[in-house]
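An overview of the molecular structure
What follows is the residue order along each chain.
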Amino acid sequence: MSIALITGGNSGIGKATALLFADRGYKVAIAARRADPLEQVRQAIEQASGTAMSLTVDVCDAKAVSRMVEQVIAQWGHIDVLVHAAGVMFSGTILSTEEDDWDRVININLKGTYLVNQAVLKHMVERQSGSIVNVASDVGFAGARNVAAYSASKGGVVLLTKSMALDHAGQGVRINALCPGPVVTPMTDDLDPEERSQWESLLPMQRFGTVAEIAEAAYFLAHAGYTTGSCFLMDGGNTAGGAL
Ligand code: NAD
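Below, the structure is looked at part by part. Just so we're clear, the structure is a prediction, and the values are computed from it rather than from any experiment.

**Thoughts on the site of the ligand**
Every one of the 28 residues lining the ligand counts as a neighbour, but Asn10, Ser11, Ile13, Tyr150 and Thr185 are closest to it. Gly8 has a polar backbone atom sitting 3.3 Å from an oxygen atom of the ligand. In the environment of the ligand, an oxygen atom lies 2.4 Å from a nitrogen or oxygen atom belonging to the side chain of Asn10. For the ligand, the protein covers 94% of the area, taking 820 Å² as the surface of the free molecule. For the shell around the ligand, the per-class residue count stands at 16 nonpolar, nine polar and three charged.

**Observations regarding the packing of aromatic side chains**
The description of an aromatic ring pair rests on the distance of the ring centres and on the angle between the ring planes. For the structure shown, the criterion picks out five aromatic pairs. Measuring from centroid to centroid gives 6.4 Å for Tyr26 and Tyr219, while their planes differ by 85 degrees, and the two rings are edge-to-face. Here Tyr26 is found in the loop between helix H1 (12-23) and strand E2 (27-32), whereas its partner Tyr219 is found in helix H7 (residues 211-223), with 193 residues between them in sequence. With relative accessibility at 8%, the residue Tyr26 sits in the buried group. With 5.9 Å between their ring centres and 50 degrees between their planes, Phe220 and Phe232 make a pair best called tilted. On the criterion of sequence distance, the pair formed by Phe220 in helix H7 and Phe232 in strand E7 (residues 231-234) is long-range, its members being twelve residues apart. In this structure Phe220 comes out as partly exposed when scored by relative accessible area, which is 46%. Taken together, the ring pairs in this structure connect Phe21, Tyr26 and Tyr219 into an aromatic cluster. Above the face of the Tyr219 ring, Arg24 is positioned so that its terminal group lies 4.7 Å from the ring centre. If you follow Arg196 out to its NZ or CZ, it ends over the ring of Phe208, 4.6 Å from the centre.

**Concerning the nonpolar core**
Nonpolar side chains tend toward joint burial in soluble globular proteins. Counting residues in each nonpolar core, the largest one holds 32 residues, and the members touching the most others are Leu5, Met68, Val69, Val72 and Ile79. Looking at this core, the elements that each hand over two or more residues are strand E1 (3-7), E2, strand E3 (51-56), helix H3 (62-76), helix H4 (99-127), helix H5 (148-168) and strand E6 (173-180). Top element by residues in this core is H4. It accounts for eight residues. Once you skip the residues sitting within four places of it in the chain, Val69 turns out to touch Leu5, Ile79, Ala119, Val120 and His123. Counting 30 residues, the second-largest nonpolar core is a separate cluster that includes Phe21, Ile30, Leu221 and Ala222.

**Observations regarding the sheet that holds E7**
Read from one edge to the other, the open sheet built from seven strands follows the order E3-E2-E1-E4-E5-E6-E7, with strand pairing classed as parallel. Two strands bound the open sheet, and with one partner strand each, they are E3 and E7. Taken pair by pair, the neighbouring strands of this sheet meet at an average axis angle of 15 degrees, ignoring direction. In the sheet, E6 pairs with E7 via four bridges, with the strands oriented parallel. In the sheet register, Leu178 faces E7, and the bridge partner there is Phe232. Set on the sheet, H1 makes contact with E1, E2, strand E4 (81-84) and E6; between it and E1 the angle comes to about 170 degrees.

**Considerations on the pairing of E3**
When E2 meets E3, the two strands line up parallel, connected through six bridges. Along E3, the bridge assignment pairs Ala31 with Leu55. The handedness of the E2 to E3 crossover, carried by helix H2 (residues 35-47), is right-handed.

What counts, and at which threshold
- Residues numbered from 1 in each chain as written.
- Predicted model: local features only at pLDDT ≥ 70, side-chain atom pairs only at ≥ 80, totals over all residues.
- Heavy atoms only, no water.
- Near = heavy atom within 4 Å.
- Polar contact = N/O pair within 3.5 Å; in protein donor to acceptor, adjacent residues only side chain to side chain.
- Areas by Shrake-Rupley, 256 points an atom, 1.4 Å probe, with all protein chains shown as cover.
- Nonpolar A, V, L, I, M, F, W, Y, C, P; charged D, E, K, R; others polar.
- Phe/Tyr/Trp six-rings, centres within 6.5 Å; stacked < 30°, edge-to-face > 60°.
- Helix = DSSP H or I, 4+ residues; strand = E, 2+ residues; numbered from the N terminus.
- Buried < 20%, exposed > 50% of the residue type's maximum accessible area, 1.4 Å probe, protein only.
- Lys NZ or Arg CZ within 6 Å of the ring centre and 35° of its normal.
- Core = buried A, V, L, I, M, F, W, Y, C linked by side-chain atoms within 4.5 Å.
- Contact = heavy atoms within 4.5 Å.
- Pairing = 2+ DSSP bridges.
- Axes fitted to C-alpha atoms, helices over the stretch in contact; angles between N-to-C directions.
- Right-handed = clockwise from strand over helix to strand, strands pointing away.

Next up, the structure:
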């Protein structure tokens, strides 16, 4: 049976991706910070006759990340697919971004990607097999207003992904970035309705994406056999010239 590790697997895009992979026959290890929602997703997968394990982790903590990966390997032997969806959003221009906020966003989104990818990649390179999908963002692909730290962190994820893809393409491991535009998840829940409809009206497709759409893209990228180092945009046309 194939095995997927999905960070951020207790909420939003990560949760939808975990449910989809489980539905398609994967054993799914879900990891995130909060134990209760993780346990709910694990139970939902098992109630639908899937196999899941839940692991609490802070992706900024190197030891905890290593432990997470070792636990999956110890219990299930290997990891075929990593979908790294853990991340945080932060709004602000560079002038309104305090140093603490900058550090937090870069640590979780960029350093977290480095730590999780490094820990999983070691095992994939040993097996000469594996596929990694890093969830970045359309604002990691093109600049955007009022998300300076977030955009910088996601731009870093895109280029880290491309560089790792080059380093490991000859070792049986594919590494791609998925760049969603705005998606309906807890991350975008706190937008006030007026701001949201204004944003939607600027999007070429006039709506936010759904987690089901993004999960399908993650599944596609994980299995797209001749694809590595790509940055797959699923943004309702946003970066073609929309609301960014
Ligand atoms: P979400 O808030 O529902 O999920 C974020 C997940 O990340 C949660 O499971 C949370 O526990 C986990 N997380 C946060 N910090 C962590 C840490 N330090 N250690 C471990 N886990 C941590 O949001 P979402 O919208 O599902 O976001 C998933 C990914 O998609 C993020 O990387 C986000 O930047 C990206 N994204 C979201 C949108 C959007 O509009 N929602 C658009 C583009 C990209």
